[in-house]
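Now for the letters of each chain:
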Amino acid sequence: DIVIDSLAPTNTLLGNPAAIKKLFETGGQSVLKGLQNAYDDLRNNGGMPSQVDGRPFKVGENIATSKGAVVYKDEMLELIQYAPVAEQVYEIPLLLVPPQINKFYANDLTPDKSVIKYFGEQGYQMFAVSWRNPQREHANWGLADYVASLIDATSAILKITKSKKLNVSGACSGGITLTSFLSELAARGDDRVNCYTLQVCVLDPQKSDTDVGMFVTDSAIEAARKQSAKKGILEGEQLSRGFAWMRPNDLIWNYVVNNYLLGDSPPAFDILYWNCDSTNLPAQLHSDYLDMFMDKRFLPDAGVRFMGHEINLKNVKQDAFMLAGVTDHITPWKACYRNRALFGGDAHFVLSNAGHLQALLNPPGNPKAKFYTNDEPAETADAWMKGVSEHAGSWWPHWSAWLAERSGDLKKPPAKQGNKAYPPTHKAPGEYVFT
């Protein structure tokens, strides 16, 4: 498919009628601008066509603007507590755990599509993890270190809020980290988590899930592991490139035509700006994620030890909310559905009618939005789909209603962020977001 797409006549100047028309209309200026764009991408974007005009966006000024403060920090993460915006708040706080492969502010892009703002308005005490962007000297940071850091951060949340419990939500690779965290807590007999949410997350990857999976051979995995071990990190740019080639028509050739053949600037779009603000993965964490393909650690009886305990998700018995996206190419929904059978508690599975990130950033008000639910247990995703109910609108209010039943009583909001032991330091969005 990739080869066929690349040979499409419309991806060349002479084969694209719109580009030829623009060439004549502009007296050749469109071709000059296209060459400038291509040269700029060769110098500054690793030779890939730019997907976004990032100039209008400033983190902390017009995106990631929710008020709050860093209340805990270690070398791997900053914990941000957001200022309450409702007259009453639920006593059990909610923590968002983002993927390590992008910046955390996908949860707080613009006020109209901010998870943090919307759920703050519904009365949730909002906390978010902001991971540091690792450099070569952090090559040895592995999944166990990230989980240990998360345990410390959640201890801080419980002390700050004076709550015995918290609710947690993890997306994509943040969901893998969260699952490892839940398994470790269960092994320790630690019941601090009241309920959890997994969003667009695959815990049992199979080669048949995506077209790319066919290339995931044992030798390819080992080659990838060796390459990042040699560099100390898997560079964010390299990761972004890999994701782009999963959908080349949308994420590559579309911009070749726009930027080079038509000579137009790429769009100024907040989601694409965030998407291009990628981060590195430490070599050890990259290796740990690759191990998931090999050792099937989250399956029953896999017998894999982690942080001194055997992983056993059947011991994770809290209620779960699981979300996937119908057109998600990165974490296909049928692969996400398999998560449901791995855990020991009740799982409520929701399918949103969008792709990987758009499934998450789905605020009320979009007339095209819809989602599907079916609480009857089904062995397979296809069987589940046969019995679904379709709901118009965003799934956010549905998640909020689910969370409300598991967030305790309402009470007066805290007067300030942090406490004596955990004083607020930097204002949100913190410092690590700029690393």
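Now for a quick tour of the structure. It should be emphasised that the depicted structure is a prediction, and the values quoted were computed from it without experimental measurement. (Residues numbered from 1 in each chain as written. Predicted model: local features only at pLDDT ≥ 70, side-chain atom pairs only at ≥ 80, totals over all residues. Heavy atoms only, no water.)

### Here we look at helix H7 (residues 218-231)
Keep this limit in mind: Going along the chain from the N terminus, every DSSP run of H or I of four or more residues is numbered as a helix, and every run of E of two or more is numbered as a strand. Multiplying one less than the number of residues by 1.5 Å gives the expected span of a helix. Each residue is placed in one exposure class: buried if its accessible area under a 1.4 Å probe, protein chains only, is under 20% of its type's maximum, exposed if it is over 50%, and partly exposed if it falls in between. Throughout, the arc means that of the directions going from the helix axis to the C-beta atoms. Note on contacts: a residue pair is in contact if any heavy atoms of the two residues lie within 4.5 Å.
In this model H7 runs 20 Å from its N-terminal to its C-terminal C-alpha over 14 residues, within 8% of the 20 Å that 1.5 Å per residue would give. Within H7, burial applies to Ile-221, Arg-225 and Ser-228. Axial view of H7: buried residues confined to an arc of 75°, hence all on one face. Turned more than 90 degrees off the buried face of H7, the exposed positions are Ser-219, Lys-226 and Lys-230. Those residues of H7 that are buried are in contact with strand S8 (233-234) and helix H11 (283-295).

### Regarding the pairing of strand S12 (residues 319-325)
Our working definition: Here the rule is simple: two strands pair whenever DSSP picks up at least two bridges between them.
Of all 7 residues making up S12, 6 are buried, and the element is well covered by its neighbours. With 5 bridges joining them, strand S7 (residues 193-199) and S12 adopt parallel strand pairing. Bridge pairing in S12 links Gln-199 to Leu-323. Here 6 bridges tie S12 to strand S13 (residues 347-352), and the two strands are oriented parallel to one another. Note on S13: the bridge partner recorded for Leu-323 is Val-350.

### Overview of the packing of helix H5 (residues 143-161) against helix H6 (residues 173-188)
For clarity, the cut-off: Each axis is a line fitted through C-alpha atoms, taken for helices only over the stretch in contact, and angles between the N-to-C directions span 0 to 180 degrees. By definition in this entry, angles of less than 35 degrees are roughly parallel, angles greater than 145 are roughly antiparallel, angles of 65 to 115 are roughly perpendicular, and the rest are oblique. Polar here means any residue other than Ala, Val, Leu, Ile, Met, Phe, Trp, Tyr, Cys and Pro, which are nonpolar, and Asp, Glu, Lys and Arg, which are charged; Gly is therefore polar.
With their axes 9 Å apart at the nearest point, H5 and H6 run at an angle of 70° to one another. Looking at the two axes, H5 sits roughly perpendicular to H6. Contacts between H5 and H6 involve Leu-143, Tyr-146, Val-147, Leu-150, Ile-151 and Thr-154 from the first element and Thr-177, Ser-180, Phe-181, Glu-184, Leu-185 and Arg-188 from the second. In terms of residue class, the contact of H5 with H6 is built from 7 nonpolar, 3 polar and 2 charged.

### Notes on H5
For H5, built from 19 residues, the straight-helix expectation of 27 Å at 1.5 Å per residue is met to within 8% by its first-to-last C-alpha distance of 27 Å. Among the 19 residues in H5, 14 count as buried, and that is most of the element. Note on H5: the residue one or two positions beyond its end, Lys-162, has a positive phi of about 55°.

### Some details on the pattern of salt bridges
As a working rule, side chains carrying opposite charge can pair if their charged atoms are close by. Rule in force here: Note on definitions: salt bridges are taken to be side-chain nitrogens of Lys or Arg within 4 Å of carboxyl oxygens of Asp or Glu.
In this structure the tally under the stated criterion is 15 salt bridges. Lys-73 is the partner of Glu-431 in a salt bridge, and the nearest nitrogen-oxygen pair spans 2.6 Å. One end of the pair, Glu-431, is in the segment after strand S16 (410-411); the other, Lys-73, is in strand S1 (residues 68-73), and 358 residues separate them in sequence. Looking at Lys-73, the relative accessible area reads 34%, which means it is partly exposed. Here Arg-338 ties to Asp-204 by a salt bridge, and the two come within 3.6 Å at their closest N and O atoms. One end of the pair, Arg-338, is in the loop between helix H12 (333-337) and S13; the other, Asp-204, is in the loop between S7 and H7, with 134 residues separating them in the sequence. The class of Arg-338 is partly exposed, set by a relative accessible area of 23%. Of the residues examined, Asp-204 reaches a relative accessible area of 7% and is grouped as buried.

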